[in-house]
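Summary of structural features
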Amino acid sequence: MAEPLVVLEGVNKHFGPLHVLKDIDLTVDRGEVVVVIGPSGSGKSTLCRTINRLESVDSGRITIDGKPLPEEGKELAQLRAQVGMVFQSFNLFAHKTVLQNVTLGPMKVLGKKKADAETRGRELLERVGIANQADKYPAQLSGGQQQRVAIARALAMDPKVMLFDEPTSALDPEMINEVLDVMTSLATGGMTMVVVTHEMGFARRAANRVVFMDEGSIVESSVPKQFFTSPSSDRAKDFLSKILTH
Amino acid sequence: MRTPRLASVAAAAAVLSLLLSACGGDSGSDVAKVDENAKEQFAPGSRMKELADAGKITVGTKFDQPLFGLKGLSGQPEGFDVEIAKLIAAKLGIDEKGITFVETVSANREPFLEQKKVDMVVATYTINDKRDMVVDFAGPYFSAGQDILVAKGNPKGVKGPEDLTGLKTCSVSGSTPASTIQTKYPQAELVLFDNYTKCRDALGNGQVDAVTTDNVILSGYVDQAPDKFELVGKPFTEEPYGIGIPEGQEAFCDFINKTLAEAQENGDYAKAFESTAGKVIKNTPKLPTPPRGCDK
Amino acid sequence: MDAVLDNLDVFVEGFTTTLSLTLLAAAGALILGTLLAAMRVSPVPPLRWFATLYVQAVRNTPLTVVFFLVVFGLPEVGVIVSFYRFAVVALTIYTAAFVAEAVRSGINSVASGQAEASRSIGMTFSQTLRLVVLPQAFANIVPPLASIFIALLKNTSIAYAFGVFEATQAMNRLINDNGSDVIAIIAAAALAYLLLALLAAALFSRLERAVRPA
C-alpha cells in the first residue's frame, strides 16, 4: 500500500515576472525514487528546492510526512533535518574536515555525543567509499569524492527523504559514475528520493517514476520504461530525441 | 552650523539646543574710539607703527567664555576681552573691521604667540611664571579669583575648596583652575572637560557636584540659570588676566599698559566692563595697579 | 624634553586609560557589531531595518555628537554613570557601526551555498551564522577590523573633552603646567599614540596570517 511522504498541491512560484512553477501537484510515496527531468529552465531545480523550503512558494501547499512546511524558524529547521539535500556544487563546509562535515549536523542539531556521531560518520564515509579521507579538508578532495561526502553528510541526519539537485552536473565525466553508484545503492536500499538529473541511465536503472517538466509545469509522469519508450507528450518526445541522439 | 545629514538630524538638533543654551550675552556696545592720527605717533620700525600701517591686527580670544569672549549666532565674539582688544586696536588706529579674532583655547595660546599666528592674546589668560618664560604679558587688565559653582541650594554644603573632598569637581583640561585643584586640593575628585559649558551641563545633570574656575565665568552661568546654580562666592586665588604678546616686544607691552591706564582715566575701561561682564558682576572693578612691568 | 621625562607617570596614567578605553570599547563593539551584522542578514525584516538604520545613523554622525548624546543625553533619562563608562559606551556605539559593516561584508564573501547547506541539515539561522558562515568570514573580517580598531585607539582622544583623564588630557595637563615645553609634550604624546597604533597593527597582521585559509 503506497504511503505518501512528500505531497505538493497547487504550488506556484514566481521569480519577478517569471512564472517558474505552475500549479505543481506531485506526490512522492515512502520508498519511492522519483527522477525529475526536463530542459534547463524548466523549473525542476526550483521544484526540488521548494521541498525543504530553500525556496518559498507563492501559493499552494507542501507537506512532508503529513506536516505542512512551517515558516522560517526553529520548526522549519527541525523539519529540514529530516530532509537530506545534495547540491550540484557540493557545498561542503570549507573550514571543516570531511569527518567534521558529517558530524556537525548530528551533534548540533540532533544533539548526539561526539563519539557516537563520529562512529556513525565513519560508517557512512565507509559506505560512500571515502573512509580514508576523513581528516582531509574538502578542497583536498576531487569533485566526485566531495559529492560523496555531501551524500554522507545528508545521510548522517537519518533523513526521511533525500533531495538531489543535479548532483552530477558539476562533475568531470569520469567521476559521475562513482556518485551515481552510491545513489543507486541508496535507491536499492529503500531510501525515498527525489532526483533532479540529466542522467537518463540512472533514471532507467533506479527510478520508480520519471517526472518530466517543461516551462514550469509537470508535463508527464510515468514509469521509466514507458517514459523512455513511448512518451505521451510531444514535448517529452522532442526532449528525448535531443538528448538520446548523442 | 551646516545643514545636517539625514541620519544625524536628531543628534544635531540635540547639540544645537545645547549650543543655544550656552549663548547668553547680547551685543556689547562699542566704547572704543578709533584714533585717526595713530600712524604718525609711532616711531618708525616700532611694532605699533607696523600694526598701524597695516591697519590690521589678529587677536586670539576665547569663543566659549560668557561675558569675556563668547561667539554666538552673530558670528562675532563678544565680551570684556573683546572690548579690551578693541580699545587697544583703536589706539593703533585700527577699527573693528581691521581686527581678526582667532579662537585660542588654553592649550594653544603659547604656540600661537610663539609662532606669531596672533599679534596678541586677550583670552582670560592668567599670568604665571611658566607662561612668562615663553611669552610676554602686558597688564594685568583684570583680576579674577577662582570660585566654586554648585547646584542651587548647595546640597553638598560647599563653603570653600577644602569642602571639595571626595566631590566630583569639574574644570577644563589644561587650565589654571584645574592645576590649582590638582596641586592644592588633591582630595577633590577632579573631572575635566574641554570647555566650561560642558562642566555646567554636567552640574545641571547632577553628574558632577561642583564646577570651579574664575568667578567671572561662573557668574555668567548663574546669570543664565539662577534657578539651577549658585556661586559659593569666596574666591580663593588671585588670577591676574594679562594680555599675551610675543616675546621681545617691550615697547608694544608698554604701549598696551599705557592704553589701559588711559582707558581707566577716561572711563572707557569702566564702560567696556559695564557693557559686558558688568551686566552680571555688579561691582565694576578698577584697572589693577601697578602693571607688572614689561622689562622682564 | 624635561617636562616629558619628569612627568612620565602622568603620561603612563593617561595612556593606561587610553588603552583600557580602547580594549573595552573594542570588545563591546565586536559583540554589538557582530549582533548588528547578524541582524542585517537575518530573515526577520524588522531586525534588518533596525540594524540598517543603526549603521547608517551612527556611521554618519560625528563621534563628538555621539559623545554629547551619551554623556549629556543619557542623564536626561536617568542614566548616570562615571564619565569613563560613558566614554566606553559612546565609543562602543560608534565603533560597532563600523564593525557591523566589516562583518557584514565578510559574511557576504562566504558563498551562499555554505549557508544553504547548513540550513538544509537543519541548523537554525544562528547556528548557521555561528558555526558555518562566521568562521569562514573571519579571514575577510580581520583586515578591515585592524583599521577600525586603530581608528578607535585614536578616537579615544575625544574622551578628553568629556571628563576622562586619558592620554590627550594628560598631555593637556602637562602643557598647562609647562608652557615652555609645549612642542616636546605634544611630540611625545604623538609618538606614544603612534607606537600603540603600530603595536596594534603588528598584532593584527599576525592574526591575519593565522586565520588566512591554507
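Residues numbered from 1 in each chain as written. Chains lettered and ligands numbered in written order. Predicted model: local features only at pLDDT ≥ 70, side-chain atom pairs only at ≥ 80, totals over all residues. Heavy atoms only, no water.

Our focus in this paragraph is the overall build of chain C. Check the secondary structure of chain C and you find 9 helices and 0 strands. By its C-alpha atoms, chain C is 70 × 45 × 25 Å across when sized along the principal axes. Residues counted as buried form 54% of the 214 residues belonging to chain C. Roughly 9,300 Å² of accessible area belongs to chain C as shown, and the carbon and sulfur atoms make up 68% of that amount. The distance from the centre of the 12 positive side-chain charges to the centre of the 11 negative ones in chain C is 21 Å. (Helix = DSSP H or I, 4+ residues; strand = E, 2+ residues; numbered from the N terminus. Buried < 20%, exposed > 50% of the residue type's maximum accessible area, 1.4 Å probe, protein only. Areas by Shrake-Rupley, 256 points an atom, 1.4 Å probe, with all protein chains shown as cover. Lys, Arg positive; Asp, Glu negative; His and termini not counted. Charge placed at Lys NZ, Arg CZ, Asp CG, Glu CD.)

What follows is about the arrangement of the chains. For this structure, the chain pair with the highest number of contacts among 2 pairs of chains in contact is chains B and C. Chain B makes no contact with chain A, the minimum C-alpha separation between the two being 32 Å. (Contact = heavy atoms within 4.5 Å.)

This part is about the interface of chain C and chain A. With 17 residues of chain C at the contact, the number on the chain A side is 23 residues. Considering only the surface of chain C that becomes buried against chain A, R119(C), S120(C) and I121(C) emerge as the three largest contributors, covering 35% of it. As a salt-bridge pair, R49(A) and E116(C) come within 2.5 Å of each other at their nearest N and O atoms. Where chain C touches chain A, the interface holds 7 residue pairs in polar contact (both at pLDDT 80 or more). Of all elements in the fold, only helix 6 (112-120) and helix 7 (125-155) of chain C reach the threshold of two or more residues within the side of chain C that touches chain A. Take the side of chain C that touches chain A: its biggest share by element is 7 residues, from helix 6 of chain C. Residue classes in the side of chain C that touches chain A are distributed as 7 nonpolar, 8 polar and 2 charged. (Buried area = accessible area lost by both parts, 1.4 Å probe. Salt bridge = Lys/Arg side-chain N within 4 Å of Asp/Glu carboxyl O. Polar contact = N/O pair within 3.5 Å; in protein donor to acceptor, adjacent residues only side chain to side chain. Nonpolar A, V, L, I, M, F, W, Y, C, P; charged D, E, K, R; others polar.)

This paragraph deals with unusual backbone geometry. With the exception of glycine, most residues fall at negative phi, and the peptide bonds are largely trans. Here G139(B) and P140(B) are connected by a cis peptide whose omega angle stands at 5°. Along the chain, the position of P140(B) falls in strand 7 (residues 136-144). Between T289(B) and the following residue, P290(B), the backbone shows a cis peptide bond with an omega angle of -10°. Inspection of the secondary structure assignment puts P290(B) in the segment after helix 11 (268-274). Unlike most non-glycine residues, D158(A) shows phi in positive territory, near 50°. Among the structural elements, D158(A) can be located in the loop between helix 5 (143-155) and strand 7 (161-165).

Turning our eyes to something else, we now look at the layout of surface pockets. The space that makes up the second largest pocket amounts to roughly 560 Å³. Contributing to the lining of the second largest pocket are 27 residues, with V41(C), P43(C), A115(C), R119(C) and F125(C) lying nearest its centre. Of all the secondary-structure elements, those providing two or more residues to the lining of the second largest pocket are helix 2 (74-80) of chain A together with helix 5 (83-108), helix 6 and helix 7 of chain C. Residue contributions to the lining of the second largest pocket peak at 5 residues, all from helix 7 of chain C. (1 Å grid on protein atoms, 1.4 Å probe; cavity = no way out; pocket = protein on both sides within 12 Å on 5 of 7 lines; lining within 4 Å. Points joined across faces, edges and corners; volume = space filled by probe spheres on them.)

Here we take up the state of the cysteines. Residue and element names in this part refer to chain B. In total, this model carries 2 disulfides over all chains according to the counting rule given. The partner cysteine of C170 in its disulfide is C199, sulfur to sulfur 2.1 Å. Residues C170 and C199 are joined by a disulfide whose S-S torsion is about -75°; by sign, that bridge is left-handed. Of the two residues, C170 sits in strand 9 (residues 168-172) while C199 sits in helix 8 (residues 196-205), which places them 29 residues apart along the sequence. Residue classification places C199 among the buried positions, given a relative accessible area of 0%. Here C253 connects covalently by a disulfide to C294, the sulfurs 1.8 Å from one another. Between C253 and C294, the disulfide has an S-S torsion of -70° and is therefore left-handed. Within this pair, whereas C253 is found in helix 10 (residues 250-266), its partner C294 is found in the segment after helix 11, the two being separated by 41 residues in sequence. Its relative accessible area of 2% is what places C253 among the buried residues. Given a relative accessible area of 9%, C294 falls into the buried group. (Disulfide = S-S within 2.5 Å.)

Below, the discussion takes up a nonpolar patch on the surface. On the surface, a nonpolar cluster with roughly 400 Å² of combined accessible area is contributed by L191(C), L194(C), L195(C) and L198(C). With a relative accessible area of 52%, L195(C) lands in the exposed category. (Patch = residues over 30% accessible without salt bridge, like charges linked within 9 Å, V, L, I, M, F, W, Y side chains within 5 Å.)

Residues and elements named next belong to chain B. In this structure the tally under the stated criterion is 3 cavities of 30 Å³ or more. When its volume is computed, the largest cavity comes out at roughly 110 Å³. Around the largest cavity, the lining is made up of 15 residues, and of these K62, T124, S175, P177 and Y196 lie nearest the centre. Of all the secondary structure elements, the ones that give two or more residues to the lining of the largest cavity are strand 6 (120-126), helix 7 (176-184) and strand 11 (210-214). Considered class by class, the residues forming the lining of the largest cavity number 4 nonpolar, 7 polar and 4 charged. Two domains share the lining of the largest cavity, each providing at least three of its residues, namely domain 1 (21-144 + 239-279) and domain 2 (146-231). (Domains from an automatic or database assignment.)

In this section: the confidence of the model for chain C. With 98% of its residues at a pLDDT of at least 70, chain C reaches an overall mean of 92. Predicted complex metrics record ipTM = 0.90 and pTM = 0.73. (pLDDT = per-residue confidence, 0-100.)

Attention now goes to the sheet that holds strand 12 (residues 229-231) of chain B. Hydrogen bonding along the main chain pairs the strands of a sheet, whether they run parallel or antiparallel. Residues and elements named next belong to chain B. Spatially, 5 strands are ordered 10-9-11-8-12 in an open sheet, and the strand pairing comes out mixed. A single partner strand is all that each edge strand has here, and the edge strands are strand 10 (189-193) and strand 12. Geometrically, the sheet is characterised by an average inter-axis angle of 30° between neighbouring strands, direction not taken into account. Examined bridge by bridge, strand 8 (residues 146-151) and strand 11 share 5 bridges and lie antiparallel to one another. Note that in strand 11 the partner of V150 across the bridge is A210. (Pairing = 2+ DSSP bridges. Axes fitted to C-alpha atoms, helices over the stretch in contact; angles between N-to-C directions.)

Every α-helix carries 3.6 residues per turn, so stepping three or four residues along brings you back to the same face. Residue and element names in this part refer to chain A. Within helix 9 (residues 234-244) the residues assigned to the buried category are A236, F239 and L240. Along the axis of helix 9, the buried residues cluster in a sector spanning 95°; they form a single face. In helix 9, the exposed positions angled more than 90 degrees off the buried face are occupied by D234 and K242. Residues of helix 9 that are buried make contact with strand 3 (33-37), helix 7 (200-206), strand 9 (209-214), strand 10 (217-222) and helix 8 (224-229). (Arc of directions from axis to C-beta.)

Moving on, we get to the packing of helix 5 of chain C against helix 7 of chain C. Residue and element names in this part refer to chain C. In the contact formed by helix 5 and helix 7, the axes pass within 7 Å of each other and the chain directions differ by 140°. Judged by the angle between their axes, helix 5 and helix 7 are oblique. Taken as a pair, helix 5 and helix 7 cross one another with a handedness that is right-handed. Across from L91, Y94, T95, F98, V99, A102, V103, G106 and I107 in helix 5, the residues of helix 7 making contact are L129, V133, L134, A137, N140, I141, P144, L145, I148, F149, L152 and N155. Tallied by class, the residues present in the contact of helix 5 with helix 7 amount to 17 nonpolar, 4 polar and no charged. (Parallel < 35°, antiparallel > 145°, perpendicular 65-115°, else oblique. Left-handed = near helix turned anticlockwise from the far one by under 90°.)

We now examine the sheet that holds strand 1 (residues 57-61) of chain B. All names here are of chain B. Ordered by their spatial adjacency, 5 strands build an open sheet running 5-1-6-13-7, and the pairing between neighbours is mixed. A strand with exactly one partner marks an edge of an open sheet, and here the two such strands are strand 5 (99-103) and strand 7. Neighbour-to-neighbour, the strand axes of the sheet open up by a mean angle of 25°, direction not taken into account. Where strand 1 and strand 5 come together, 5 bridges link them in parallel fashion. Its bridge partner being in strand 5, G60 is matched across the sheet by V102. Strand contacts of helix 4 (residues 80-91): strand 1, strand 5, strand 6, strand 7 and strand 13 (239-245), with the helix running at about 145° to strand 6, the strand carrying the most contacts.

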